[in-house]
Amino acid sequence: MSFTGKYELQSHENFEPFMKALGLPDDQIQKGKDIKSVSEIVQNGNKFKITVTTGSKVMTNEFTIGEECELELLTGEKAKTVVNMEGNNKLVANLKGLKSVTELNGDTIIHTMTKGDLTYKRISKRI
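Everything in this summary refers to the structure shown in the same document. Predicted, not measured: the structure shown is a model, and the values here were computed from it.

What counts, and where the lines are drawn
Residues numbered from 1 in each chain as written. Predicted model: local features only at pLDDT ≥ 70, side-chain atom pairs only at ≥ 80, totals over all residues. Heavy atoms only, no water. Helix = DSSP H or I, 4+ residues; strand = E, 2+ residues; numbered from the N terminus. 1 Å grid on protein atoms, 1.4 Å probe; cavity = no way out; pocket = protein on both sides within 12 Å on 5 of 7 lines; lining within 4 Å. Points joined across faces, edges and corners; volume = space filled by probe spheres on them. Nonpolar A, V, L, I, M, F, W, Y, C, P; charged D, E, K, R; others polar. Salt bridge = Lys/Arg side-chain N within 4 Å of Asp/Glu carboxyl O. Buried < 20%, exposed > 50% of the residue type's maximum accessible area, 1.4 Å probe, protein only. Phe/Tyr/Trp six-rings, centres within 6.5 Å; stacked < 30°, edge-to-face > 60°.

1. A closer look at unusual backbone geometry
Consideration 1: We note that N14 has phi near 70°; this positive angle belongs to a residue other than glycine.
Consideration 2: For N14, the position within the fold is in the loop between strand 1 (5-13) and helix 1 (15-22).

Dropping the structure here:
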């Protein structure tokens with residue numbers, strides 16, 4: 001199953017408490033909570049390039065399944081991790097105490113991030 005495509009955020013749960021737990025300042029949280037971000041994913045075999053545009057902020061991460069890489073976090077800091085594929089539709093990474101799972105179901109991407117007992121869930125649809 002190919003992840004390639006553009007996806008627009010449809011809904012999200014626990015945005016504010018999760019971003020506070022990550023240490024984002026309140027003004028950034030307030031600005032970001034109502035913006036419909038667009039994620040563009042380009043998959044070429046095991047290589048991925050993910051570009052997320054949220055308002056004027058653009059974040060791009062590139063990685064190869066099973067190889068160590070450096071990813072930019074929502075806070076702007078970078079962390080080393082290995083992204084693994086589970087089945088043919090789920091990307092899983094653990095970085096800096098954060099577990100990230102990106103699951104593709106048809107034209108919908110469900111992205112969950114968990115830190116401790118707090119989970120942030122984003123649902124995006126292919127556009």
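And the narrative resumes.
2. Focus on the layout of surface pockets
Consideration 1: Considering only enclosed or pocket space, the largest pocket measures out at about 1,000 Å³ in volume.
Consideration 2: Taken together, 41 residues make up the lining of the largest pocket; nearest its centre are V52, M59, L74, M113 and R122.
Consideration 3: Counted by class, the lining of the largest pocket contains 24 nonpolar, 13 polar and 4 charged residues.

3. Points about the pattern of salt bridges
Consideration 1: Counted according to the given criterion, the structure contains 5 salt bridges.
Consideration 2: A salt bridge links D26 to K20; the shortest N-O distance between them is 2.9 Å.
Consideration 3: Residue class for K20 comes out partly exposed when judged on its relative accessible area of 45%.
Consideration 4: Measuring nitrogen to oxygen at the nearest pair gives 3.0 Å for the salt bridge that ties E77 to K96. Highlighted residues: E77 in the loop between strand 5 (68-72) and strand 6 (78-82) and K96 in the loop between strand 8 (90-95) and strand 9 (98-105), separated in sequence by 19 residues.

4. Thoughts on the packing of aromatic side chains
Ring pairs (aromatic) are described by centroid distance and by the angle formed between their planes.
Consideration 1: Enumeration over the complete set of coordinates arrives at 4 aromatic pairs.
Consideration 2: Ring centres 5.7 Å apart and planes at 75° place the aromatic pair F3 and F48 in the edge-to-face group. One end of the pair, F3, is in the segment before strand 1; the other, F48, is in strand 3 (residues 47-54), and 45 residues separate them in sequence.
Consideration 3: According to the relative accessible area criterion, F3 is buried, its value standing at 0%.
Consideration 4: Among the aromatic residues, ring-to-ring pairing joins F3, F48 and F63 into one connected group.

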